[in-house]
Amino acid sequence: MTLFRLPVPDDRQTAAGWQRWCRTRHCFVPARRLSREEFARLSPVEQEDYLLHRDVTNSNLPLQETPMSEALSRVMRSRLRLGAFKVRPSTRRGLIINGGGCQGKTETACEVAAWFEEYWRAKHHDTNPDALAGTRDLHIPVAYVQTPVTAKPKSTCKAILDFYGADHKGMDLPALIRAVRRHVHAHGTRAILLDDITRLKLHRRDDQDVFDMLKGFMDMSATLVLIGVDVPASGLLQGAVLDEKTGDWIMPSQRGAPVSQGERTQHLRRFTMVDLGPFPYETPQEMAAFLKHLKGIEDHICLFDAVPGMLTTGDMPEYLHDRTGGVVGLLECLIEDAIELAIDIGHEELTTELMRHVAISVEGLPSRDASAGEVPVLPEQPPAHERKKRPRNRVFDDQGPQSATGTGQR
């Protein structure tokens, strides 16, 4: 008998961690749903192993495409491919992924970037097509970097160099940008994802440095993908001009300088902005899309008393949309906490009555900067009932000899 091994999370902010995540992101095998009778026939060791596997399964509900993420994926795939195939030393058009907190921007972008990395490696037989003869630089088609909290241009450049494992001690901003350019070219990088870009604080003294950094990145042989919350209001596009024909934002050559008609048509520092929003819930088509998403979640939930239609019938869909505003991240938080509560109280089924005892908490979300708008505003919640007291999790306790009933449940 092979016992379940707890997966180890990958650090996507290093080249090795990113590539390991790309290889293994679809390898997790979820626990199969057992009835209480099937569970009771397991040995005590198998029961504990199953409960652990089940907890990991319920905590890692699979990423699902939504109509909003599908639209984003199409644009991003096209932009990455077109940018990678360019051979002229011209600026690659960038992409901005804009949306509210917990909308799934990061995971959608990373999934597309991982697809592109696999596609690009297969095209070139897992070798760097731009490698110089006699060199042994690692082939790193995609660089994923999370902008540091309260970041400035220099710390953002250092974060990129940290992804490559490069030294950056004592460098000023121009030297840091040059070092980034060297590593991007040497490793054959074709896409750079800068997550949480709106953490860059645009103070008057640093404004020009921010624009110089972004323009310097766009001159590299990689497509720049910026991911952030409310990018138009952040100031990153300050002075940019919207091209009405293409929908692109054109970055001015100098901050605050007037943009001539010639620059509007010839300037190549362009960003396409794609918005990723919550699930709408007005038309029959929008309701059907939300039900499909709930069905995908329901199919992967492991609870002993789960019934078909648990999330998709009755007033449950409307209740879930009202509680979360259609924000996929908040929906995931609510369902995960409701699953844990259902297991703890021993009646393992998700109902609206149970979910009224679950408070959606956005405080203390990991790796979220509230000052950058990354913590979403909760929709108005229904009156909360007194929350049931949850017993201590006993999954790792020694249960001793199996009881007569043989369940051994926590």
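Just so it is clear, the structure is predicted and the values come from calculations on it, not from any experiment.

### Concerning the packing of helix 12 (residues 316-324) against helix 13 (residues 328-345)
In step 1: Across the interface, helix 12 lies against helix 13 with an axial gap of 9 Å and an inter-helix angle of 115°. Where helix 12 crosses over helix 13, the two elements pack in a sense that is right-handed. In this structure, helix 12 uses Leu320, Arg323 and Thr324 to contact helix 13, whose residues at the interface are Leu330, Leu331 and Leu334.

### A closer look at the pairing of strand 3 (residues 191-195)
In step 1: Taking burial as the measure, the five residues of strand 3 include five buried ones, the bulk of the element.
In step 2: On strand 3, burial covers both faces: Ala191, Leu193 and Asp195 on one face and Ile192 and Leu194 on the other are all buried.
In step 3: Of the pairings in the sheet, the one linking strand 2 (residues 142-146) to strand 3 comprises five bridges and is parallel in character. Looking across to strand 3, one finds that Gln146 is bridged to Asp195.

### Notes on the pairing of strand 7 (residues 270-276)
In step 1: With six of seven residues buried, strand 7 is to be regarded as a mostly interior element.
In step 2: Here six bridges tie strand 1 (residues 94-99) to strand 7, and the two strands are oriented parallel to one another. Considered in strand 7, the bridge of Leu95 is made with Thr272.

### Here we look at the sheet that holds strand 2
In step 1: In spatial order, the strands read 2-3-4-1-7-6-5; together these seven strands make up an open sheet with mixed pairing. Each end of this open sheet is capped by a strand with a single partner; those strands are strand 2 and strand 5 (241-242).
In step 2: Packing against the sheet, helix 6 (residues 153-164) makes contact with strand 2 and strand 3, and its axis sits at approximately 135° to strand 2.

### Here we look at helix 7 (residues 173-186)
In step 1: Across its 14 residues, helix 7 extends 20 Å between first and last C-alpha, which sits within 8% of the 20 Å expected from 1.5 Å per residue.
In step 2: Residues of helix 7 that are buried include every one of Leu173, Ala175, Leu176, Ile177, Ala179, Val180 and Val184, and no others.
In step 3: Its side-chain oxygen at 3.0 Å from the backbone nitrogen of Ala175, Asp172 defines the N-terminal cap of helix 7.
In step 4: Taken from the residues just after helix 7, Gly188 is the one with a positive phi, measuring 65°.

### Section: unusual backbone geometry
In step 1: Although it is not a glycine, His125 adopts a positive phi angle of roughly 55°.
In step 2: Summarising the element assignment, His125 is placed in the loop between helix 5 (105-123) and strand 2.
In step 3: His125 sits in the exposed class, given a relative accessible area of 68%.
In step 4: Positioned with a positive phi, Asp126 is a non-glycine residue whose angle comes to about 65°.

### So, the pattern of salt bridges
In step 1: Here the structure, examined in full by the defined rule, presents 13 salt bridges.
In step 2: Note that Asp10 is salt-bridged to Arg20, the shortest N-O span being 2.8 Å. Here Arg20 lies in helix 1 (residues 15-24) and Asp10 lies in the segment before helix 1, a separation of 10 residues in the sequence.
In step 3: Taken together, the shared-partner salt bridges in this structure form one network comprising Arg25, Glu111 and Glu118.

### What to know about the packing of aromatic side chains
In step 1: Within the structure shown, the criterion is met by 13 aromatic pairs.
In step 2: With 5.2 Å between their ring centres and 40° between their planes, Trp18 and Trp21 make a pair best called tilted. Of this pair, Trp18 and Trp21 both sit in helix 1, three residues apart, which is roughly one turn of that helix.
In step 3: We classify Trp18 as buried; its relative accessible area is 0%.
In step 4: Where Tyr281 meets Phe290, the ring centres are 5.6 Å apart and the plane angle is 80°; that geometry is what we call edge-to-face. Side by side, Tyr281 and Phe290 carry an identical accessibility label, which is buried.
In step 5: Every member of this aromatic cluster is reached through a ring pair, and the members are Phe85, Trp115, Phe116, Tyr119 and Trp120.
In step 6: The ring of Trp21 is capped by Arg25, whose NZ or CZ atom sits 5.8 Å from the centre of that ring.
In step 7: Between the NZ or CZ atom of Arg54 and the centre of the ring of Phe304, over which it lies, the distance is 4.6 Å.

About the criteria used
- Residues numbered from 1 in each chain as written.
- Predicted model: local features only at pLDDT ≥ 70, side-chain atom pairs only at ≥ 80, totals over all residues.
- Heavy atoms only, no water.
- Axes fitted to C-alpha atoms, helices over the stretch in contact; angles between N-to-C directions.
- Helix = DSSP H or I, 4+ residues; strand = E, 2+ residues; numbered from the N terminus.
- Left-handed = near helix turned anticlockwise from the far one by under 90°.
- Contact = heavy atoms within 4.5 Å.
- Buried < 20%, exposed > 50% of the residue type's maximum accessible area, 1.4 Å probe, protein only.
- Pairing = 2+ DSSP bridges.
- Expected span 1.5 Å × (residues − 1).
- Polar contact = N/O pair within 3.5 Å; in protein donor to acceptor, adjacent residues only side chain to side chain.
- Salt bridge = Lys/Arg side-chain N within 4 Å of Asp/Glu carboxyl O.
- Phe/Tyr/Trp six-rings, centres within 6.5 Å; stacked < 30°, edge-to-face > 60°.
- Lys NZ or Arg CZ within 6 Å of the ring centre and 35° of its normal.

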